[in-house]
Structure formats: structure tokens, C-alpha cells
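Listed below are the residues making up each chain.
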Amino acid sequence: MESVPTRPKRSFAAAEKLRIVKRADACLASGERGALEAMLREEGIYSSLLSAWRTQLGARGVGGLEARKPGRKPTMDAKDRRNAELMKRNADLERQLHVAKVLLELQKKAHEVLGAVLPSSDGES
């Protein structure tokens, strides 16, 4: 049994993708029957790949055709993580300051109430 060596995965540069999309558009504009299918066979690509490239081109322009690194994109770099940490700490400190201000106001009111009640009770005794 003879095994067929696997070919490496093909990758296309942005310029090549743009060239193929423009060529496909020209094939469609020509009105010639089967021109697009012949071009796809010649280039060795599927129509779904051409459709994906058109979507990328329409959504993000020529820059959308650029190759991107595979995998999950980091949500934050070190600077963003530090900034988020400081924002959280700032929010905690602001909350603590608010609680302290409310307690001071409560103490002032209690002192006024008790201060007004105590002298009158001491004077009557």
C-alpha cells in the first residue's frame, strides 16, 4: 500500500487574496458561463474561501485580508491589568471614604442631639 504524502497547509498573502478576489469579480463581470468555477479550479481554492475573503474585505478593507495570529487574543496587557487594579483600588477607597463621611455626619448629629438633651437634664437635677 502506497501512502500519499500530505501537502502543507497553503497560506495566502493579503496581496494574493486581493488579486484572486479581483480576478473572481472580473470573471463574474465577464458573464462567461463557468468562468468563475474554472478560475477557482485553476487557483485551487474553494468558493467558501473566496466568500470568506470577500466578507473580510468588505468588513475591514484590505487590512482585513492580512494574516492574523491563531489563538485567543489577550484581553489585557500588563499596563491594562495594572490600570484595572488601580481603578478597583480607587473605587474601594472612594467607598471607604463615603462610609467614613456618613459615619462622621451621624456622629455630629448624635452629638447635637445628645448635647442638647444632656445639658437640660443636668440643669434639672
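Our structure is the block above this text.
The shown structure was predicted, so the numbers you read here are calculated from the model rather than taken from an experiment. (Residues numbered from 1 in each chain as written. Predicted model: local features only at pLDDT ≥ 70, side-chain atom pairs only at ≥ 80, totals over all residues. Heavy atoms only, no water.)

1. Structural notes on the nonpolar core
Thinking step 1. Residues Ile20, Leu36, Met39, Leu40, Ile45, Leu50 and Trp53 are the most contacted members of the largest nonpolar core, which totals 15 residues.
Thinking step 2. Of all the secondary-structure elements, those providing two or more residues to this core are helix 1 (14-30), helix 2 (35-43) and helix 3 (47-60).
Thinking step 3. No other element matches helix 1, which puts 6 residues into this core.
Thinking step 4. Those residues in contact with leucine 36 that lie beyond four places of it in its chain are Ala24, Cys27, Leu28 and Leu50. (Core = buried A, V, L, I, M, F, W, Y, C linked by side-chain atoms within 4.5 Å. Buried < 20%, exposed > 50% of the residue type's maximum accessible area, 1.4 Å probe, protein only. Helix = DSSP H or I, 4+ residues; strand = E, 2+ residues; numbered from the N terminus. Contact = heavy atoms within 4.5 Å.)

2. Quick notes on helix 1
Thinking step 1. Between its first and last C-alpha, helix 1 extends 24 Å over 17 residues, near the 24 Å set by a 1.5 Å rise per residue.
Thinking step 2. For helix 1, every residue scored as buried is listed here: Ala14, Lys17, Leu18, Ile20, Val21, Ala24 and Cys27.
Thinking step 3. Looking at the buried side of helix 1, the elements it contacts are helix 2 and helix 3.
Thinking step 4. Positive backbone phi, at 80 degrees, marks glycine 31, one or two positions downstream of helix 1. (Expected span 1.5 Å × (residues − 1).)

3. Some words on the packing of aromatic side chains
Thinking step 1. Evaluation of the coordinates by the stated rule reveals 1 aromatic pair.
Thinking step 2. With 4.9 Å between their ring centres and 70 degrees between their planes, phenylalanine 12 and tryptophan 53 make a pair best called edge-to-face. On the criterion of sequence distance, the pair formed by phenylalanine 12 in the segment before helix 1 and tryptophan 53 in helix 3 is long-range, its members being 41 residues apart.
Thinking step 3. For phenylalanine 12, a relative accessible area of 12% gives the class buried.
Thinking step 4. Given the relative accessible area of 3%, tryptophan 53 is considered buried. (Phe/Tyr/Trp six-rings, centres within 6.5 Å; stacked < 30°, edge-to-face > 60°.)

4. Quick word on the packing of helix 1 against helix 2
Thinking step 1. Two elements in contact, helix 1 and helix 2, have axes whose closest approach is 8 Å; the angle formed by their N-to-C orientations is 155 degrees. In terms of orientation, helix 1 lies roughly antiparallel with respect to helix 2. For the crossing formed where helix 1 meets helix 2, the hand is right-handed. In this structure, helix 1 uses Arg19, Ile20, Arg23, Ala24, Cys27, Leu28 and Ser30 to contact helix 2, whose residues at the interface are Ala35, Leu36, Met39, Glu42 and Glu43. (Axes fitted to C-alpha atoms, helices over the stretch in contact; angles between N-to-C directions. Parallel < 35°, antiparallel > 145°, perpendicular 65-115°, else oblique. Left-handed = near helix turned anticlockwise from the far one by under 90°.)

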